[in-house]
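Observations on the three-dimensional arrangement
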Amino acid sequence: MATVIGFVSEKGGVGKTTAVYHVAASLSRDHGARVLVLDTDYQRGGVTCRLIPSMIEDFRNGKVSDPTLYAVYRSLYTDTEPLPTLCVLETSVNIDLVPADPRLNDISTDKMPAPRNLRDGNRRLLRHLLLIREAIEPLAGDYDYVLIDSHPDLHDLEKAVIAASDYLVSPVKLDQQSSVAVASTSQSVNDVNADIDSAATLVGIELEYSPTIFLGAIGMMCREYGQSLKYSEQLIYNRLTRSSDIFQRYVTEGDGLRQAAQTSASVYDLKFPNAVRQAEQFRGVTEELLERMNAHG
């Protein structure tokens, strides 16, 4: 069965989608893994359009082919069973994709049918929280890893991303605002785990559910002076090390990732010095990710 890894950040523009894309590519290229990316970023669909550039216009026009994750939620809202099977698209880089859908913006527990009683209401809320987990379960046997990209907020859809993940990481910039969000993300993981446990107890369901494990923050777009972090970013890094957790390896800013994004390529395919350096940094982040997961068994 696939290991599910969620990438969540409360702040946009921190390199979350870039991290998902390049970690997925490293798992496929360097580790021979079968990788599926599930894109739930309904606003930009960044990793969708990165993996399949031809979908940029489709996404902008809201013409993404069903069944996406949105269709699964619509089935839940209309009491339609069985749930549709997610549409999986092949890409040219040996990574499969469940594309984002702009309509995921409408996902909310408010759309649920009126419950018959309190017990039924709790059962429906629990299923809403676990729906992404339920939707990817039929696909999990075909992959070693499922990586989930998310929208930068922690509303109902992102809570479901947390619930679906075996492990969670939070890409951040080493600035004051982003670093504060790490503690909030970690607490959200604890809250979702507690909510699932409480709701299952209330409705009398025994779940085969292992709590999501927060593996830490990943420093993105970091700035260095020489071979070390700049002083202001080193302070943030040290603070995160003391207060929560942050990967030892990080990714610096530079033209490698920018040019890769402009050409819808992987930084691993670019050969000028900065790109080679950032490619090695992402390989290091991926290695540390695997090490941290292995440490948790």
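Residues numbered from 1 in each chain as written. Predicted model: local features only at pLDDT ≥ 70, side-chain atom pairs only at ≥ 80, totals over all residues. Heavy atoms only, no water.

**Points about the confidence of the model for the protein chain**
Rule in force here: Residue-level confidence of the predictor is what pLDDT reports, using numbers from 0 through 100. Only runs of H or I of at least four residues qualify as helices and only runs of E of at least two qualify as strands under DSSP, and these elements are numbered from the N terminus.
Per-residue confidence for the protein chain averages 91 on the pLDDT scale, and 99% of its residues sit at or above 70. When pLDDT is averaged over each element of the protein chain, strand S1 (residues 3-7) comes out on top at 98 and helix H3 (residues 56-60) at the bottom at 77.

**Some words on the environment of leucine 125**
As a reminder of what qualifies: Contact between two residues is taken to exist if any of their heavy atoms lie within 4.5 Å; hydrogens are not considered.
By secondary structure assignment, the location of leucine 125 is in helix H5 (residues 118-129). Considered as a pair, leucine 125 and serine 150 are 25 residues apart in the sequence and their alpha carbons are 20 Å apart. With sequence-adjacent residues up to four places away left out, leucine 125 is seen in contact with Thr109 and Met112.

**A short note on the packing of helix H1 (residues 16-31) against helix H11 (residues 273-295)**
For any two helices packed against each other, the geometry is given by the interaxial angle and the distance between the axes. The line we're drawing: The axes used here are C-alpha line fits, helices contributing only the stretch in contact, and every angle between their N-to-C directions lies in the interval 0 to 180 degrees. By the definition adopted for this analysis, an angle is roughly parallel if under 35 degrees, roughly antiparallel if over 145, roughly perpendicular if from 65 to 115, and oblique otherwise. Side-chain classes are defined by residue name, with Ala, Val, Leu, Ile, Met, Phe, Trp, Tyr, Cys and Pro counting as nonpolar, Asp, Glu, Lys and Arg as charged, and the others, Gly among them, as polar.
Two elements in contact, H1 and H11, have axes whose closest approach is 9 Å; the angle formed by their N-to-C orientations is 80°. Classified by the interaxial angle, the pair formed by H1 and H11 is roughly perpendicular. Note on element contacts: H11 touches H1 through Phe282, Arg283, Val285, Thr286, Glu287, Leu289 and Leu290, opposite Thr18, Ala19, His22, Val23, Ser26, Leu27, Asp30 and His31. Residue composition of the contact of H1 with H11, grouped by class: seven nonpolar, five polar and three charged.

**Digging into the sheet that holds strand S5 (residues 167-172)**
Here is the rule we go by: Here, strands pair whenever DSSP counts at least two bridges between them.
Strand order across the open sheet formed by six strands is S3-S2-S4-S1-S5-S6, with parallel pairing between neighbours. Whereas interior strands pair on both sides, the edge strands pair on one side only; in this sheet they are strand S3 (96-98) and strand S6 (213-219). Pairs of neighbouring strands in the sheet enclose a mean axial angle of 20°, with direction left out of account.

**Quick word on the layout of surface pockets**
Quick note on the threshold: Cavity means a closed set of points on a 1 Å grid over the protein atoms alone, one where a 1.4 Å probe fits but cannot get out, pocket means an open set with protein on both sides within 12 Å along at least 5 of 7 lines, and lining means a residue has an atom within 4 Å of a point. Grid points are joined across faces, edges and corners, and a volume is the space filled by probe spheres set on the points.
Here the second largest pocket defines a volume of roughly 390 Å³. In terms of lining, the second largest pocket is formed by 14 residues, of which the most central are Met1, Ala2, Val4, Arg133 and Asp166. Elements supplying a minimum of two residues to the lining of the second largest pocket: helix H6 (131-136) and helix H7 (156-164). The class makeup of the residues in the lining of the second largest pocket is eight nonpolar, two polar and four charged.

**Considerations on the pattern of salt bridges**
Filter applied, for reference: Salt bridges are counted wherever a side-chain nitrogen of Lys or Arg sits within 4 Å of a carboxyl oxygen of Asp or Glu.
Counting across every chain of the model gives 19 salt bridges. Ionic pairing is found between glutamate 288 and arginine 292, a salt bridge with its closest N-O pair at 3.0 Å. Of this pair, glutamate 288 and arginine 292 both sit in helix H11, separated by four residues, roughly a single helical turn.

**Notes on the nonpolar core**
One broad rule of soluble globular proteins: the nonpolar side chains tend to lie buried together. What counts is decided by this rule: The definition of a nonpolar core used throughout is a set of buried Ala, Val, Leu, Ile, Met, Phe, Trp, Tyr and Cys residues joined through side-chain atoms within 4.5 Å. Classification of residues uses two cut-offs on accessible area relative to the type maximum, computed with a 1.4 Å probe and protein chains only: under 20% is buried, over 50% is exposed, and between them is partly exposed.
Counting 56 residues, the largest nonpolar core has Leu69, Tyr73 and Ile132 as its most contacted members. In terms of residue count, the dominant contributor to this core is helix H8 (residues 176-203) (seven residues). When neighbours within four sequence positions are excluded, tyrosine 73 is seen to be in contact with Ile107, His128, Leu131, Ile132, Leu157 and Ala160. Counting 43 residues, the second largest nonpolar core, distinct from the first, contains Ile5, Val47, Ala260 and Val267.

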